[in-house]
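Understanding the architecture of this molecule
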Amino acid sequence: MSDLKSFAYGLPKAELHLHLEGTLEPELKFELAARNGIELAEKTVEDVRATYNFTDLTSFLAVYYPAMQVLQTADDFHDLAWAYLLKAKENGVVHVEMFFDPQAHTSRGVPFENVISGYRRAAVRAQDELGVSAELILCFLRDFSAEYAMATLMEALPYKQWIVGVGLDSDERDNPPAKFAAVFTRAKAEGFFLTMHCDIDQVGSIDNIRTVIEEIAVDRIDHGTNIVEDDSLVELVKAKGLGLTTCPVSNSFVTEQMKSDEIVGLLRRGVRVMLNSDDPAYFGAYVADNYVALAEQAELTSKDLVQLAINSFEASWLPAGRRAAYIEQVRDYARSQGIDLPA
Ligand code: ADE
Ligand code: ZN
């Protein structure tokens, strides 16, 4: 392992932008298909990977959703999340806030209960067996109606203590954040933290980001690096201390580049950016691989990687005391690697 890779893997970090359904590796897809008696069009792992030719968000989502048909029972959801959490541990993740898409399952007849109970079981097990803290964020699919989102929120309320926040994902085109204003107002009143995807280079990216901050009043933004086009938005994000959950390797699949200039530019301007994997099974890179890829592309120093890891905790939804304890863990790691940090 290179020095950079071992440093990046060992660095304690939080992952804040990770879709559990995006961790479905082809090998597990075959196992779950066999378990549930589902015949897949692809016969080998190579066949599955051959379908991964994405040019934008829409073409990615067209491959992503059909794959989920293999997920049926609570055990299936548990096994998916557990496989990810083992990888997270290897990647130096000590805390993760994981997205899940209940409507991708309830819309095809799978009960909400199967989804949440399987994922929750894996999250509890991660703390007990791996020492990895794991929380769940319920995402609404923005290409479904606001009414369906509200009904999903109502269905989730009995499980409120298992869900730290709500998010918004899927295809941003023609589905602006304002469509879900009432759902997010209700979610906030129920005590959930709020985040929304502001995907890269969308039609109306800048307007959508402004709405997400000023009208929805989110606690964090997923992606959001298009703020570089508008200095007043950069200042607003800084003033509010909002975290931007960037995903460099994912960016290189759904656009033509990692957007390293944007991410690093924001880091240098003091915006709370950190690195995440998004859908690692599809983009071939878990979170530490994202640290390595950006460091190589943008010639980052180990001190920069330490700042990104500190940002990952600062932008997390952990209580202040736990956040501070994890940041101390990062600083101890940095010192143990001979990095000189200001007190
Ligand atoms: N669902 C899974 N990954 C996503 C992404 N990057 N943007 C929007 N929806 C998603
Ligand atoms: Zn995402």
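Here the structure is shown first, and the text comes after it.
All values derive from a computational prediction rather than experimental measurement.

**Considering the packing of helix α13 (residues 260–268) against helix α15 (residues 287–298)**
Between α13 and α15, whose axes approach to 10 Å, the crossing angle comes to 90 degrees. Relative to α15, the element α13 lies roughly perpendicular. Listed contacts from α15 to S260, I263 and V264 of α13 are L294, Q297 and A298. Here the residues of the contact of α13 with α15 sort into 4 nonpolar, 2 polar and no charged.

**Here we look at the pattern of salt bridges**
Enumeration over the complete set of coordinates arrives at 20 salt bridges. One salt bridge in this structure joins E25 and R49, with 3.4 Å as the shortest N-O distance. On the criterion of sequence distance, the pair formed by E25 in the loop between β1 (13–15) and α2 (26–35) and R49 in helix α3 (residues 45–50) is long-range, its members being 24 residues apart. Classification of E25 by relative accessible area gives buried; the value is 18%. Exposure remark for R49: the relative accessible area of 40% places this residue in the partly exposed category. Taken together, the salt bridges that share partners define one network made up of E31, R35, D76 and D79.

**Describing the coordination of the zinc ion (ligand 2)**
Here the zinc ion (ligand 2) is held by the protein donor atoms H17 (NE2), H19 (NE2), H197 (NE2) and D278 (OD), which lie 2.1 to 2.3 Å from it. Of note is the zinc ion (ligand 2), whose 4 donor atoms meet at the metal with angles of 81 to 174 degrees in an arrangement that counts as irregular. Here the donor residues of the zinc ion (ligand 2) are spaced in sequence according to H-x1-H-x177-H-x80-D. With H17 in the loop between β1 and α2 and D278 in the loop between β8 (272–275) and α14 (280–283), this pair connects stretches of sequence that are 261 residues apart.

Criteria and thresholds
- Residues numbered from 1 in each chain as written.
- Chains lettered and ligands numbered in written order.
- Predicted model: local features only at pLDDT ≥ 70, side-chain atom pairs only at ≥ 80, totals over all residues.
- Heavy atoms only, no water.
- Axes fitted to C-alpha atoms, helices over the stretch in contact; angles between N-to-C directions.
- Helix = DSSP H or I, 4+ residues; strand = E, 2+ residues; numbered from the N terminus.
- Parallel < 35°, antiparallel > 145°, perpendicular 65-115°, else oblique.
- Contact = heavy atoms within 4.5 Å.
- Nonpolar A, V, L, I, M, F, W, Y, C, P; charged D, E, K, R; others polar.
- Salt bridge = Lys/Arg side-chain N within 4 Å of Asp/Glu carboxyl O.
- Buried < 20%, exposed > 50% of the residue type's maximum accessible area, 1.4 Å probe, protein only.
- Donors = N, O, S within 2.8 Å, 3.2 Å for Na, K, Ca; no water.
- Tetrahedral: all angles 85-135°; square planar, octahedral: opposite > 155°, others 65-115°.

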